[in-house]
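# Summary of the model geometry
Each chain, letter by letter, is given below.
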Amino acid sequence: MPRHEWRHAVRRVHVVGAGLAGLAAALHLSEHPGTQVVLHEATARAGGRCWSFHDSALDRMIDNGNHLVLAGNAEVLDHCRRIGTADLLDIAPRAELPFLDLETGARWSLRLPASLGELLRGGLRLPPGTALSLGPDAARLLRAGPDATVAQAIPGRGPAWTRIWEPLSLAVLNAPPDHAAAAPLAEVLRRTVLRGGAAGRPVTMPRGLGPTLVDPALARLAERGIQPNYRRPLTGLAMKGDRLHALRFGTEEITLGPGDAAILALPPDALGRLLDGPAPGPGQSILNAHFRVPPETAERLPSILGLISSLSHWLFRRDDVLSVTVSAAESCAGPRPDRDATLDRIWREVARAAGTDAPPLAARLIRARAATADASPAGRRARPSTRPMANLALAGDWLAGPLPETIEAALISGRAAADALDG
């Protein structure tokens, strides 16, 4: 069938992978008249690395990991509007993040002014001792080339390094600054804090990642007649010339018609095997410790707290559960940390932050192995582009692009993959 004819006929697009990138692609395609979307998922659930579950030890619903979202993450906010969960987001009234140095006991807030007028009135609040170096450091970071690491872009090692740049590298890139590429961290700054305080306001999801980002997306797809095919791993691809000819799921082979297409929203290792092409190696793990505590203990802490001079990096409070993130776990906790000893160490840091001597009521430690792809400049060069062939597009927060692996990047990539098939 000539191309001009199938553009006006019903076409079928197979989306393989129901993580956030795959869900975003399926949602975007489902809004296109004449497009039938078929969604496949290798596991028994959607969401990929972003999901919620009931933990038996805590007897609470928790997220598998913590994610810091800012109001400048426009794609996250748009995704929530599209699936009807914008009212579930808790957007802070101002761009302010509290910090605690557990070694010295010093507390401060990093606050960005919402406007020039507020800046002139003293609305900018920085960690102690960082004001003189912050501007030059940021300028060097923004000018850094694609081969520079964060450590190479910012040579100084003063208070701004320990209180801003190193924590940001670990949190945003899941890698220590001597390994992590500078360019994606610079891009995050451009899209959030450098757009003004309004874009830097923290956004939390009190109901959890699944109820806010995943479950309503599945419900919206179901309204459009799209149900994921679970436990359906993609095992092979068949090519004909410069086009994708068929998808193989075990013993079943699905042939693509002249107007059909596919989007592969898969992890790097799986996609590398299928396409026999370059892919970044694995990055570091992330540890997430969850503690159920008495309500009066939880109430002593803000909803988000950055921790310095500690194994713990970020502490999130949701009701009576305190959740702690340790990024780049191999660098910070060692390659094979003892579970009980690590959980005890993290709790002791949380207890100091909360001012309590009592043990937690329940605890859980979750390790996300290779939580991100290799964040080094070399690892980023190995990332494929979105469109390897005419009827095949790729989606995923780890693909080539300006952003690090975040919820924002996953949603952007899903929509971009859907748009690429119409290009």
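As a reminder, the structure under discussion sits directly above these lines.
In every chain, residue numbers begin from 1 and rise along the written sequence. Given that this is a predicted model, residues contribute local features only at a pLDDT of at least 70 and side-chain atom pairs are listed and counted only at 80 or more, while totals for whole chains, interfaces and linings are drawn from all residues. Remark: hydrogens and water are excluded; side-chain values derive from all non-hydrogen atoms of the structure.

## Re the packing of helix α3 (residues 74–83) against helix α15 (residues 407–420)
- The interhelical angle for the contact between α3 and α15, taken along N-to-C directions, is 65°, at an axis separation of 8 Å. By the angle between their axes, α3 is roughly perpendicular relative to α15. Both α3 and α15 take part in a crossing whose hand is left-handed. Facing α3, whose interface residues are Ala74, Glu75, Val76, Asp78, His79 and Arg82, α15 presents Ile407, Glu408, Leu411, Ile412 and Arg415.
- Looking at the contact of α3 with α15 residue by residue, the classes come out as 5 nonpolar, 1 polar and 5 charged. Structural elements are reduced to axes, namely lines fitted to C-alpha atoms, with helices fitted over the stretch in contact, and the angle between N-to-C directions of any two is expressed from 0 to 180 degrees. Secondary structure elements are taken from DSSP: a helix is a run of H or I of four residues or more, a strand is a run of E of two residues or more, and numbering for both begins at the N terminus. By the definition adopted for this analysis, an angle is roughly parallel if under 35 degrees, roughly antiparallel if over 145, roughly perpendicular if from 65 to 115, and oblique otherwise. Helix crossings fall into two classes, left-handed where the near helix is turned counterclockwise from the far one by less than a right angle and right-handed where it is turned clockwise. Between two residues, a contact is recorded if the distance between any of their heavy atoms is within 4.5 Å. Note on residue categories: nonpolar means Ala, Val, Leu, Ile, Met, Phe, Trp, Tyr, Cys or Pro, charged means Asp, Glu, Lys or Arg, and polar means any other residue, Gly included.

## Quick look at helix α7 (residues 159–173)
- Multiplying 1.5 Å by the residue count of a helix minus one yields the expected span of that helix. The terminal C-alpha atoms of α7 lie 20 Å apart, and with 15 residues this matches the ideal 21 Å at 1.5 Å per residue to within 8%.
- The axis of α7 is deflected most strongly, by about 30°, at tryptophan 165, and proline proline 167 appears within four residues downstream.
- Residues Ala160, Trp161, Arg163, Ile164, Trp165, Pro167, Ser169, Leu170, Val172 and Leu173 constitute the buried set of α7.
- Downstream of α7 by a residue or two, asparagine 174 has a phi angle that is positive, lying close to 55°. In this analysis the local bend is the angle between axes fitted, respectively, to the seven residues ending at and the seven residues starting at the residue. Exposure categories follow from relative accessible area, calculated using a 1.4 Å probe and restricted to protein chains: below 20% of the type maximum is buried, above 50% is exposed, and the middle band is partly exposed.

## Regarding the packing of aromatic side chains
- In this analysis, rings of Phe, Tyr and Trp, with Trp reduced to its six-membered ring, are considered paired at centre separations within 6.5 Å, and the interplanar angle assigns stacked below 30 degrees, edge-to-face beyond 60, and tilted for intermediate values. A complete count under the given rule lists 4 aromatic pairs for this structure.
- Residues phenylalanine 291 and tryptophan 347 carry aromatic rings whose centres are separated by 5.1 Å and whose planes lie at 50° to one another, so their mutual orientation is tilted. With a gap of 56 residues between them, phenylalanine 291 in strand β14 (residues 286–292) and tryptophan 347 in helix α13 (residues 339–354) connect regions that are remote in the sequence.
- Accessibility expressed as a relative area gives 9% for tryptophan 347, which makes it buried.
- Remark: a charge is flagged as sitting over a ring if the NZ atom of Lys or the CZ atom of Arg is within 6 Å of the ring centre and within 35 degrees of the ring normal. In this arrangement the basic side chain of arginine 232 is found over the ring face of phenylalanine 249, its NZ or CZ atom lying 4.3 Å from the centre.

## Notes on the side chain of glutamate 187
- Mapped onto the elements of the fold, glutamate 187 is located in helix α8 (residues 182–191).
- Think of a polar contact as two N or O atoms within 3.5 Å of one another; within protein, one of them needs to be a possible hydrogen donor and the other a possible acceptor, and neighboring residues in sequence only count if both atoms come from side chains. A distance of 2.8 Å separates a polar atom in the side chain of glutamate 187 from a polar atom in the side chain of arginine 191.
- Excluding residues that lie within four positions of it along the chain, glutamate 187 makes contacts with Pro402 and Leu403.

## Points about the sheet that holds strand β7 (residues 95–101)
- A pair of strands is labelled paired if DSSP reports no fewer than 2 bridges between them. In spatial order, the strands read β8-β7-β15-β16-β17-β14-β18; together these 7 strands make up an open sheet with mixed pairing. Strands with a single pairing partner mark the edges of an open sheet, and in this sheet they are β8 (107–112) and β18 (362–368). In this sheet, neighbouring strand axes are inclined to one another by 25° on average, regardless of whether the strands run parallel or antiparallel.
- Direction of pairing for β7 relative to strand β15 (residues 304–308): parallel, over a ladder of 3 bridges. Bridge pairing links aspartate 101 to isoleucine 308 in β15.
- Strands in contact with α7 are β7, β8, β15 and β16 (314–318); relative to β15, the strand with the most contacts, it is inclined by about 110°.

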